[in-house]
Amino acid sequence: MTTIFCASAGMEGFWRKRRGGSYRIPIPAQVFMRYETSKQKASSFLRNTIADPAAKVFVLIALSFASPAQAVIADQVERMSVAGVDLIVYPTAVKQVVTIRGALPAGDAFAGQGNLAVPTLTGMMLDHGTMKRDKYAIAELLEDVGASVTFNVDGQTLGIQAKSLKKDLPVVISLIAEQLRAPAFSPVEFELVRKQFIGAMKGQVENVGYRTSEAFSRAVFPVGHPNRSPSLEELIAAAQSVTMAEVKAFHRQHYGPLHMTLVVVGDVDAIQVKREVARGFKGWQGGVDYLVATDAPAPLSAGEEAVRLAEKTSVSILLGQPTGLRYRDTDALALRVGTAILGSGFTGRLMATIRDKEGMTYGINARMSDDTFNDGSWTISATFAPQMLEDGVESARRELLRWWSAGVTQKELDDRKQNLIGSFQVGLATTRGIADTLLQTVLRGYDIGWLDRYPEAVAALTREQVNAAIREHLDPHKMILVKAGTLPEKALMPAE
């Protein structure tokens with residue numbers, strides 16, 4: 001008989017092979033979770049929860065040789081300021097592969113009172129040539145070494161994503177610096193990019209999900225708030241009138257190392273990375289800070305908005321409100337865990353009830369969002385066939401009110417803690433997952449050590465804390481409902 005220790009997500013336990021097959025002796029995730037806090041507590045818990053003597057001995061041996069999870073990540077990360085860039089380097093055991101993630105404050109919210117299309121168009125121009133090489137030379141350079149470099153623009157950030165082999169890291173860092181610092185801004189390429197942007201925006205006009213998110217954002221966040229989305233009509237009109245001069249001015253005013261973060265993860269040497277970043281970004285100056293809202297969302301007031309789209313087979317809805325919480329606020333973690341119990345994936349209450357039992361939708365979930373730099377929002381999102389819209393919304397409101405009134409159960413909380421901690425740890429299994437998590441952690445205002453403290457913080461949450469956060473920061477009676485699609489006549493009538 002052989003015993004194999006297996007600790008991948010959802011597979012914690014022993015696979016014991018014997019004649020006629022194999023069977024698993026499960027090890028409760030609490031063993032691993034408690035080990036995050038205390039090896040002694042974990043060992044004690046283990047003795048009381050695993051009956052199989054061989055399994056018990058094996059786990060105790062494994063725990064005795066394992067390194068404590070505390071400070072596993074923080075102790076290996078090197079964070080330094082290099083040429084004004086906040087550089088984070090995390091060497092891992094993976095061989096040859098390097099993943100880069102980065103961000104700087106140059107997202108759509110920085111358009112301010114100017115042309116709304118300028119931030120995205122500026123970011124799109126980075127791929128279309130630099131002062132040293134055109135877009136074809138950039139593509140050939142990356143293809144020759146099998147690397148990738150891309151940029152994206154969202155609400156507050158210009159995002160940077162790259163991947164390469166270890167030997168090609170100098171080439172990739174140098175190219176990222178070149179693209180950020182000296183885009184060519186070719187008039188011919190600008191016209192191509194402008195047309196691409198307008199085409200993409202026109203393609204979203206009939207997208208029920210996009211239109212729902214756009215309308216919800218405009219319903220809950222006031223004009224001038226960084227989380228408020230411009231309308232599609234405004235974006236298309238802005239792109240039709242934008243000039244190259246506006247794009248160049250935006251690049252000059254907003255692009256720079258101030259508040260830029262670069263995360264490099266994988267088979268890396270921190271000294272080499274520091275040298276390459278210093279070389280690429282030497283002498284670069286400028287940049288701005290992230291935007292903090294000066295105007296809070298309006299006081300809660302229940303309401304409905306409808307976006308009518310012809311000949312759609314489904315209706316998308318968002319039901320929610322602003323939370324008044326940023327990601328790192330004290331109650332945010334408790335509310336996030338409670339929200340996961342209500343509507344995270346197939347194990348959430350909403351899916352189990354409204355999809356699996358009542359058959360009203362293919363998908364429904366609840367989430368918190370837009371809370372990295374400012375107070376965010378809380379929503380239930382779902383898609384219903386037009387003829388099932390009213391019943392579906394009624395069911396969603398019923399489950400929401402039940403969750404808000406009675407709270408979560410202790411079993412739900414215990415199960416969700418295990419799920420969240422396990423998902424968090426699985427997410428750190430790749431260089432991309434680590435790089436994404438490191439970047440989000442510092443953008444949210446945490447120190448790197450938060451990654452090591454997160455499992456313990458989740459494990460320490462009590463049912464009372466979760467239910468109190470739900471009641472304190474949400475009010476189902478004052479939420480906004482937005483519907484987009486082909487709406488039945490009844491759905492266009494205001495709710496009583």
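A short tour of the structure in this document, coming up.

Calculation notes
Residues numbered from 1 in each chain as written. Predicted model: local features only at pLDDT ≥ 70, side-chain atom pairs only at ≥ 80, totals over all residues. Heavy atoms only, no water. Helix = DSSP H or I, 4+ residues; strand = E, 2+ residues; numbered from the N terminus. Buried < 20%, exposed > 50% of the residue type's maximum accessible area, 1.4 Å probe, protein only. Axes fitted to C-alpha atoms, helices over the stretch in contact; angles between N-to-C directions. Parallel < 35°, antiparallel > 145°, perpendicular 65-115°, else oblique. Contact = heavy atoms within 4.5 Å. Nonpolar A, V, L, I, M, F, W, Y, C, P; charged D, E, K, R; others polar. Pairing = 2+ DSSP bridges. Polar contact = N/O pair within 3.5 Å; in protein donor to acceptor, adjacent residues only side chain to side chain. Core = buried A, V, L, I, M, F, W, Y, C linked by side-chain atoms within 4.5 Å. Phe/Tyr/Trp six-rings, centres within 6.5 Å; stacked < 30°, edge-to-face > 60°. Lys NZ or Arg CZ within 6 Å of the ring centre and 35° of its normal. Salt bridge = Lys/Arg side-chain N within 4 Å of Asp/Glu carboxyl O.

1. Looking at the overall build of the protein
Per the secondary structure count, the protein includes 18 helices and 14 strands. When the 496 residues of the protein are sorted by exposure, 49% land in the buried category.

2. A short note on the packing of helix α8 (residues 208–220) against helix α9 (residues 232–241)
Axis angle and axis distance: for two packed helices, these are the angle between their axes and the distance between the axes, and together they describe the pair. Following both chains from N to C, one finds α8 and α9 inclined at 100°, their axes separated by 11 Å at the closest point. Looking at the two axes, α8 sits roughly perpendicular to α9. Residues Tyr210, Arg211, Glu214 and Arg218 of α8 form the contact with α9, whose participating residues are Leu232, Glu233, Glu234 and Leu235. Here the contact of α8 with α9 is built from residues that sort into three nonpolar, no polar and five charged.

3. Some remarks on the sheet that holds strand β11 (residues 315–322)
Read across the open sheet, the five strands follow the order β10-β14-β11-β13-β12; overall the sheet is mixed. Here the strands that pair on one side only, and so sit at the sheet edges, are β10 (303–308) and β12 (364–369). Along the sheet, successive strands turn relative to each other by an average axial angle of 20°, direction set aside. Two elements, β11 and strand β14 (residues 480–485), share six bridges in a ladder whose sense is antiparallel.

4. Quick look at the side chain of Ser316
With respect to the helices, strands and loops of the structure, Ser316 is situated in strand β11. Classification of Ser316 by relative accessible area gives buried; the value is 8%. Within the structure, the side chain of Ser316 is placed 3.1 Å from the side chain of Thr212, a separation counted as a polar contact.

5. Details of the nonpolar core
If you look at the biggest cluster of nonpolar residues, it comprises 64 residues, and the most contacted ones within it are Trp378, Ile380, Trp403 and Leu438. Tallying contributions element by element places helix α12 (residues 332–343) first for this core, with seven residues. In this structure Trp403 touches Gly338, Thr339, Leu342, Arg349, Trp378, Val408, Ile470 and Leu474, once residues within four positions along its chain are discounted. The next biggest cluster of nonpolar side chains, apart from the first, holds 56 residues, and it includes Ile138, Phe151, Val172 and Leu235.

6. A few points about the side chain of His128
Mapping His128 onto the fold places it in the loop between α4 (118–125) and α5 (135–145). With sequence-adjacent residues up to four places away left out, His128 is seen in contact with Lys135, Glu189, Val193 and Gln196.

7. Comments concerning the packing of aromatic side chains
Under the definition given, this model contains seven aromatic pairs. Both rings, one in Phe281 and one in Trp284, keep their centres 5.7 Å apart while their planes meet at 35°; by these two values the pair is tilted. The same class applies to Phe281 and to Trp284, which are both buried. Relative to Trp403, the ring of Trp378 lies with its centre 5.7 Å away and its plane at 15°, an arrangement referred to as stacked. With a gap of 25 residues between them, Trp378 in strand β13 (residues 377–384) and Trp403 in helix α14 (residues 389–406) connect regions that are remote in the sequence. Residues Trp378 and Trp403 agree in their burial class; the two are buried. An aromatic cluster of at least three residues, connected via ring pairs, comprises Tyr327, Phe424, Tyr446, Trp450 and Tyr454. Positioned over the ring face of Tyr327 is Arg444, at 3.7 Å from the centre of the ring.

8. Topic: the packing of α4 against helix α10 (residues 244–254)
Contact pair α4 / α10: the axes reach a minimum separation of 9 Å and the direction vectors enclose 80°. One finds that α4 runs roughly perpendicular with respect to α10. In this structure, α4 uses Val118, Pro119, Leu121 and Thr122 to contact α10, whose residues at the interface are Glu246, Val247, Phe250 and His251. Of the residues contributing to the contact of α4 with α10, the split by class is five nonpolar, two polar and one charged.

9. Here we look at the pattern of salt bridges
Scanning the entire structure with this criterion turns up 21 salt bridges. Taking the shortest distance from any N to any O, the salt bridge between Arg211 and Glu233 comes out at 4.0 Å. Of this pair, Arg211 sits in helix α8 while Glu233 sits in helix α9, and the two are 22 residues apart along the sequence. Glu233 gets classed as partly exposed once you look at its relative accessible area, which sits at 48%. For Glu234, the salt bridge goes to Arg218, with nearest N and O atoms at 3.4 Å. With a gap of 16 residues between them, Glu234 in helix α9 and Arg218 in helix α8 connect regions that are remote in the sequence. Sharing partners across several salt bridges, the network here consists of Glu358, Arg398, Glu399 and Arg402.

10. Topic: the environment of Ile100
Along the polypeptide, Ile100 turns up in strand β6 (residues 97–105). Owing to a relative accessible area of 2%, Ile100 belongs among the buried residues under this scheme. Expressed as a C-alpha distance, the spacing of Ile100 and Leu439, which sit 339 residues apart in the sequence, is 9.9 Å. Those residues in contact with Ile100 that lie beyond four places of it in its chain are Ile160, Gln161, Ala162, Leu169, Val172, Ile173, Ile176, Leu262, Val263 and Val264.

11. Observations regarding α10
Those residues of α10 that sit buried are Met244, Val247, Ala249, Phe250, His251 and His254. Summarising the contacts, the buried residues of α10 are in contact with β6, α4, α6 (169–181) and α7 (187–203).

12. Concerning the environment of Ser395
Position of Ser395 among the secondary structure elements: in helix α14. The spacing of Ser395 and Thr353 is 42 residues in sequence and 8.7 Å in space, taken between C-alpha atoms. Setting aside anything within four residues of it in sequence, one finds Ser395 in contact with Ile354, Glu358 and Met360.

13. As for the sheet that holds strand β4 (residues 78–82)
Taken together, the six strands give an open sheet; going across it, the order is β4-β5-β9-β6-β8-β7, and neighbouring strands pair in mixed fashion. Looking at which strands have only one partner, the edges of the open sheet turn out to be β4 and β7 (148–153). The mean inter-strand angle of the sheet, taken between neighbouring strand axes irrespective of direction, is 15°. Docked against the sheet, helix α11 (residues 270–281) engages β4, β5 (85–91) and β9 (261–266), running at close to 155° with respect to β5.

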